[in-house]
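# Residue-level structure breakdown
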Amino acid sequence: MNKSLTDETGEVRELTTKDFKSMKSISDFPELQGLVKKGRPKKDNPKKSTTIRLDAEVLDFFKARGKGWQTEINNVLQDYVDSQSA
């Protein structure tokens with residue numbers, strides 16, 4: 001990288017294809033490997049993927065509530081499980 005990474009105002013300029021080609025991989029810096037996070041953090045109670053058939057009315061109700069509708073279904077079902085376990 002011969003050019004400065006900043007413009008005349010000190011702002012980081014847009015990187016070019018040449019900039020990217022001249023960059024080194026993080027694997028070239030073993031001392032930095034511990035800083036790299038790989039994947040999602042492990043959860044104590046990870047969710048499992050499944051397929052479930054729901055009545056159209058039920059699915060439409062939850063989807064109409066917007067983003068997070070799948071989590072909301074999970075929460076409703078968890079409440080039910082908790083009430084049955086008590």
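Rules used in this analysis
- Residues numbered from 1 in each chain as written.
- Predicted model: local features only at pLDDT ≥ 70, side-chain atom pairs only at ≥ 80, totals over all residues.
- Heavy atoms only, no water.
- Helix = DSSP H or I, 4+ residues; strand = E, 2+ residues; numbered from the N terminus.
- Rg over C-alpha atoms; globule rule 2.2 N^0.38 Å.
- Salt bridge = Lys/Arg side-chain N within 4 Å of Asp/Glu carboxyl O.
- Buried < 20%, exposed > 50% of the residue type's maximum accessible area, 1.4 Å probe, protein only.
- Phe/Tyr/Trp six-rings, centres within 6.5 Å; stacked < 30°, edge-to-face > 60°.
- Contact = heavy atoms within 4.5 Å.
- pLDDT = per-residue confidence, 0-100.

### Things to note about the overall build of the protein chain
Regarding its fold elements, the protein chain presents 3 helices and 0 strands. Helices and strands in the protein chain line up, N terminus first, as α-α-α. Taking 2.2 N^0.38 as the reference for a compact globule, 86 residues should give roughly 12 Å; the C-alpha atoms of the protein chain span a radius of gyration of 24 Å, well beyond that estimate. For the protein chain, the C-alpha atoms occupy an extent of roughly 65 × 30 × 25 Å along the three principal directions.

### Details of the pattern of salt bridges
Under the definition given, this model contains 2 salt bridges. Residue Arg 13 is joined to Asp 19 by a salt bridge in which the shortest nitrogen-to-oxygen separation is 2.7 Å. With respect to class, Arg 13 is no different from Asp 19; both count as buried. Across the pair Arg 65 and Glu 72 runs a salt bridge whose closest N-O atoms are separated by 2.7 Å.

### Structural notes on the packing of aromatic side chains
For the structure shown, the criterion picks out 1 aromatic pair. A centroid spacing of 5.2 Å and a plane angle of 90° characterise the contact between Phe 61 and Phe 62, whose relative ring orientation is edge-to-face. The class for Phe 61 is partly exposed, based on a relative accessible area of 46%.

### Notes on the environment of Leu 5
Looking at the element boundaries, Leu 5 is found in the segment before α1 (17–22). Looking at Leu 5, the relative accessible area reads 37%, which means it is partly exposed. Distance in space between the C-alpha atoms of Leu 5 and Asp 19 is 9.1 Å, their sequence separation being 14 residues. Each residue touching Leu 5, except ones within four places of it in the same chain, is listed here: Glu 11, Val 12, Arg 13 and Leu 15.

### Considerations on the confidence of the model for the protein chain
Chain-level pLDDT for the protein chain is 89 on average; 97% of the residues reach the 70-or-more range. Model confidence for the protein chain, summarised as mean pLDDT per element, is weakest for α1 at 89 and strongest for helix α2 (residues 56–64) at 97.

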